[in-house]
Amino acid sequence: MGFFDFMTEDIAIDLGTANTLIIHNDKVVIDSPSIVARDRISGKIIAVGKEANMMQGKTHENIKTIRPLKDGVIADFDASEKMLTMFIKSIPALKKKLFTPALRLVICIPSGITEVEMRAVKESAERVNGKEVYLIHEPMAAAIGIGVDIMQPKGNMIVDIGGGTTEIAVIALGGIVCDKSVKIAGDVFTNDIVYYMRTQHNLFVGESTAEKIKITIGAAIEDLENAPEDMSVQGRDLLTGKPKQVDVSYREIAKALDKSIQRIEDAVMETLSQTPPELAADIYNTGIYLAGGGSMLRGLDKRISQKTDLPVYIAEDPLRAVVRGTGMALKNIQKFRSILIK
């Protein structure tokens, strides 16, 4: 086994709907959009990650951009496997190797995932030369990444708002006590903005533009303390067909996202209402932790705090909280053996 150990590389992967992050040797080596561009004629993958992301919405009929994951699970098996392979091959430290080393992988998965979907992730991992594959539930990984000691007999509530799903979980004693996974997250926010621009401004904007709006001026409440400047948005005028520009304020975006955020709030409330009383007492003291890209929506912490009457904390570097936790689980496989799914 000793020699095999020497040949094995440890990799932690957060295979996300919007972004894929990979940790190798305690460093985030890959942080790229989960998207591939495929040549329709030859079927070859021509770009992946940031490169493919720049092509999104700008392709001709011979190129198709694919997002292999939808709602946190693999929707296009072939594309997801090719994407993973290309990401792993582009890890700087592995490039120097003559042949692909055997990999020991820890990959995180949404908590509301089915057996079949779980197998798709495992098979993908095995095809990219994963000899030992462990899975970890996303809220768990987020909690470890935030720095919560999950093995304690203490309740902690994690809300992880990703691209495809929002994962809400109450964690104690190294296990998930109650959880809820809702398919309302970053992608839905982006679509809300597209719809709002179309109905309110007669402006047709692409997904990439809507995402830019979300990041630049996205908000969850209509009265922010330090409000972002209005943003100029370009798109196609639906009435004249001409390209045009409109100025949009953060208040409008808060309006556009209101319904979706309400549904996330409801899911949080529902999870709280299912929490055993002893853990509810803990959560009253510890509050709620937010992770994932969606937690960076301005004023979301305040809004959830007002709804739940609990303190709400945003993880530092929320986009990487999950992959950090996955990496920590990989380093201490012995300690976290109980929460890893073989």
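Heads up: the structure comes first, above all this text.
Small disclaimer: the values here were computed from a predicted structure and weren't measured.

Basis of the calculations
Residues numbered from 1 in each chain as written. Predicted model: local features only at pLDDT ≥ 70, side-chain atom pairs only at ≥ 80, totals over all residues. Heavy atoms only, no water. Helix = DSSP H or I, 4+ residues; strand = E, 2+ residues; numbered from the N terminus. Rg over C-alpha atoms; globule rule 2.2 N^0.38 Å. Buried < 20%, exposed > 50% of the residue type's maximum accessible area, 1.4 Å probe, protein only. Areas by Shrake-Rupley, 256 points an atom, 1.4 Å probe, with all protein chains shown as cover. Lys, Arg positive; Asp, Glu negative; His and termini not counted. Charge placed at Lys NZ, Arg CZ, Asp CG, Glu CD. Pairing = 2+ DSSP bridges. Axes fitted to C-alpha atoms, helices over the stretch in contact; angles between N-to-C directions. 1 Å grid on protein atoms, 1.4 Å probe; cavity = no way out; pocket = protein on both sides within 12 Å on 5 of 7 lines; lining within 4 Å. Points joined across faces, edges and corners; volume = space filled by probe spheres on them. Nonpolar A, V, L, I, M, F, W, Y, C, P; charged D, E, K, R; others polar. Polar contact = N/O pair within 3.5 Å; in protein donor to acceptor, adjacent residues only side chain to side chain. Contact = heavy atoms within 4.5 Å. Arc of directions from axis to C-beta.

**So, the overall build of the chain**
For step 1, the next point in the chain: Assigned secondary structure in the chain consists of 12 helices and 18 strands.
For step 2, the next point in the chain: At 21 Å, the chain has a C-alpha radius of gyration in line with the 20 Å of a compact globule built from 342 residues.
For step 3, the next point in the chain: Within the chain, buried positions represent 51% of all 342 residues.
For step 4, the next point in the chain: Here the chain displays about 16400 Å² of accessible surface, and carbon together with sulfur accounts for 51% of that area.
For step 5, the next point in the chain: With 42 positive and 45 negative side-chain charges, the chain shows a spacing of 6 Å between the two charge centroids.

**Regarding the sheet that holds strand S13 (residues 175-182)**
For step 1, the next point in the chain: Reading across the sheet, the five strands line up as S13-S12-S11-S17-S18 and stay open at both edges, with mixed pairing between neighbours. Every other strand in the sheet has two partners, leaving S13 and strand S18 (312-314) as the edge strands with one partner each. Shown here is a sheet whose adjacent strand axes are inclined to one another by a mean of 20°, direction ignored.
For step 2, the next point in the chain: With four bridges connecting them, strand S11 (residues 156-161) and strand S17 (residues 288-291) associate as parallel partners. From the neighbouring strand, methionine 157 faces S17, where its bridge partner is isoleucine 288.

**Concerning empty space enclosed by the protein**
For step 1, the next point in the chain: Summed over all chains, the structure comprises one cavity of 30 Å³ or more.
For step 2, the next point in the chain: The space that makes up the largest cavity amounts to roughly 40 Å³.
For step 3, the next point in the chain: As for the largest cavity, its lining consists of Leu15, Leu69, Gly72, Ile107, Cys108, Ile109, Pro110, Val121 and Glu138.
For step 4, the next point in the chain: No other element matches the three residues that strand S9 (residues 102-109) contributes to the lining of the largest cavity.
For step 5, the next point in the chain: Per-class residue counts for the lining of the largest cavity are seven nonpolar, one polar and one charged.

**A look at the side chain of threonine 286**
For step 1, the next point in the chain: Looking at the secondary structure, you find threonine 286 in helix H10 (residues 277-286).
For step 2, the next point in the chain: Here threonine 286 falls in the buried class, since its relative accessible area comes to 16%.
For step 3, the next point in the chain: One polar contact links the side chain of threonine 286 to the main-chain carbonyl oxygen of glycine 155, over a distance of 3.5 Å.
For step 4, the next point in the chain: Filtering out sequence-adjacent residues up to four positions away, threonine 286 remains in contact with Gly155, Asn156 and Tyr313.

**Remarks on helix H8 (residues 207-217)**
For step 1, the next point in the chain: Restricting attention to buried positions, one finds in H8 the residues Ala210, Ile213, Lys214 and Ile217. Each buried residue of H8 lies within a common arc of 110° when the element is viewed along its axis, so the set occupies one face. Counted as exposed and oriented over 90 degrees from the buried face of H8: Lys212 and Ile215.
For step 2, the next point in the chain: Against helix H7 (186-201), strand S15 (231-237), strand S16 (243-248) and helix H9 (250-273) lie the buried residues of H8.

**Topic: the environment of aspartate 76**
For step 1, the next point in the chain: Mapped onto the fold, aspartate 76 is located in the loop between strand S8 (73-74) and helix H3 (77-89).
For step 2, the next point in the chain: Given a relative accessible area of 22%, aspartate 76 falls into the partly exposed group.
For step 3, the next point in the chain: Separated by 45 residues in sequence, aspartate 76 and aspartate 31 place their C-alpha atoms 20 Å apart.
For step 4, the next point in the chain: The contacts of aspartate 76, once residues within four sequence positions are left out, are Arg38, Ile66 and Pro68.

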